[in-house]
Amino acid sequence: MDVPPLLECSKNEVVSIILSNCLTFLPFLPYRLLETFLKIVTSTSVGRQLHQRILHFGKVIKECKSKDTISLEVKNLVSAIVFDLLIGWLITFTFLHSNVPMLLFDLSLQQTSNLVSNLQKLIHWLMGAPAGFKLNIPLNSALGHFFLYHIYLWEAYMAVVLPVFTFILKMSVVIGVLGVTFVLCLLSDLIALATIHIYCFYGYAARLYGYQFIALSSLWRLFRGKKWNPLRQRVDSYTYNIHQLFLGTLIFTVLLFLLPTVVIYYVVFTCLRIMVLVIQRILLKIIQAINVNPLYCAFSRIFRSSEVAGDVYFSVLSTKGTLTFSMEVTQVSFQTVIKETLPKLNNTEEYLTWKDFLSSILIGKIIYPL
């Protein structure tokens, strides 16, 4: 069964597509339990990669059973899986014969402690006069102590999940047997787990800035004699009395003067959040490149295999006596071969366009994976 592009489907359709593919492999589980299980598993990078690998194996098995000849796309898919496994086994062999996991564990602990100290220094700097900005002292102090308190909570959280990190690090040696993509997925999940405090800080600042932005936008319509009509979903004219204008002016003035303090925290934590998302996005691109790398077609094109042959051209060599032709088989361009035979990825994540990304930053909407 051909899988339609998941980015064009609704959430219910996406779940149905995933279930229809996985019921082949897990027929003994009830539908509700399987749906919950898939939602939990695909919420992590390792789970999504495992689901992707299961779908790829299912496609290869179906192709082998239904057709006499295997398509170039499936051959590319098999070569990509073999390449992934070989690199993963090499990494596993290196880890088993060296002390790399413990070195990485010590390095991650050191970098985590450095991140905590740098965040504390950053918040103390924001609580002063960052870059010469004169911020609202009571609000600045409240926000600074609020984020410092969450750093202390995060330190306690790290002390609790430290055994989990140790277990995951030991599992990284075993998971490398499944391929290097699983190691990279595990690294992406560890980054998400280790930077959850940055996500929380960004979420708090984004919500505060977003609510303040909405309030200021609504109060700005008050000065223009406008009001949002939720029934007709439009802005209509409205006449306010003196008490409403006075109260609106007072609230607008307070929110406007508190806005620079909120914006400073929002901009700083948004930049930190974007840095984490960029790192995870780079890892995702590497994983996708390994999942669909066209090794088979590349080597076939280099060695001029008949599988990637193009058109046949005849040229006349001689017309005297016997008519003589010369036949030449041309090769399809490398770009065309890659484009036509590249394996498909069943990606369930929706990514923001640059327009949506910039508008989300402007209005304080929380940014999910890029």
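Residues numbered from 1 in each chain as written. Predicted model: local features only at pLDDT ≥ 70, side-chain atom pairs only at ≥ 80, totals over all residues. Heavy atoms only, no water.

By the naming in an unreviewed UniProt entry, the chain is Phosphatidylinositol N-acetylglucosaminyltransferase subunit Q, taken from Araneus ventricosus.

K.L.:
Tell me about the overall build of the chain, and please be specific about residues and values.
P.N.:
For the chain, the count of helices and strands is twelve helices and four strands. Within the chain, the fraction of its 370 residues that count as buried is 36%. For the chain, the exposed area adds up to about 22800 Å²; of that, 69% sits on carbon and sulfur atoms. (Helix = DSSP H or I, 4+ residues; strand = E, 2+ residues; numbered from the N terminus. Buried < 20%, exposed > 50% of the residue type's maximum accessible area, 1.4 Å probe, protein only. Areas by Shrake-Rupley, 256 points an atom, 1.4 Å probe, with all protein chains shown as cover.)

K.L.:
Describe the nonpolar core, naming the residues involved and giving the relevant values.
P.N.:
Across soluble globular proteins, nonpolar side chains have a tendency to be buried as a group. Counting residues in hydrophobic clusters, the biggest one holds 39 residues, and the most contacted among them are Phe147, Ile151, Phe165, Tyr202 and Phe269. At twelve residues, helix α9 (residues 242-291) tops the list of elements feeding residues into this core. With residues up to four places along the chain from it excluded, the contact list for phenylalanine 269 reads Ile123, Phe147, Phe201, Tyr202 and Ala205. Leu184, Cys185, Leu186 and Leu283 belong to the second-largest nonpolar core, a separate cluster that totals eleven residues. (Core = buried A, V, L, I, M, F, W, Y, C linked by side-chain atoms within 4.5 Å. Contact = heavy atoms within 4.5 Å.)

K.L.:
How would you sum up the UniProt feature "transmembrane region" (unreviewed entry) in the chain? Please name residues and give values.
P.N.:
UniProt's feature table lists "transmembrane region" (unreviewed entry) at residues 14-34, 77-96, 146-168, 175-198, 204-223 and 244-268, given in the numbering used throughout. Helix makes up 100% of residues 204-223 and strand makes up 0%, while its end C-alpha atoms are separated by 29 Å. Structurally, residues 244-268 is divided into 100% helix and 0% strand, and its ends, taken at the C-alpha atoms, are 35 Å apart. (UniProt positions renumbered as here; feature names shortened; annotations may be inferred.)

K.L.:
Explain the confidence of the model for the chain residue by residue, including any values.
P.N.:
For the chain, the average pLDDT comes to 78, and 76% of its residues sit at 70 or higher. For the stretch residues 1-12, pLDDT sits under 50, and the model shows 18 contacts to residues farther than four places along the chain or on other chains. (pLDDT = per-residue confidence, 0-100.)

K.L.:
If you had to explain the side chain of threonine 181 to someone new, which residues and values would you point to?
P.N.:
Note that threonine 181 resides in helix α7 (residues 180-194). At 2.6 Å, the side chain of threonine 181 forms a polar contact with the side chain of aspartate 84. Not counting residues within four places of it along the chain, the set of residues in contact with threonine 181 comprises Gln49, Arg53, Asp84, Ile287, Ile290 and Asn291. (Polar contact = N/O pair within 3.5 Å; in protein donor to acceptor, adjacent residues only side chain to side chain.)

K.L.:
Report on the environment of tyrosine 238, specifying residues and quantitative values.
P.N.:
The topology assignment puts tyrosine 238 in the loop between β2 (234-237) and α9. Residue tyrosine 238 is classed as partly exposed on the basis of its relative accessible area, which comes to 35%. Expressed as a C-alpha distance, the spacing of tyrosine 238 and tryptophan 228, which sit ten residues apart in the sequence, is 9.2 Å. When neighbours within four sequence positions are excluded, tyrosine 238 is seen to be in contact with Gly225, Lys226, Lys227 and Gln244.

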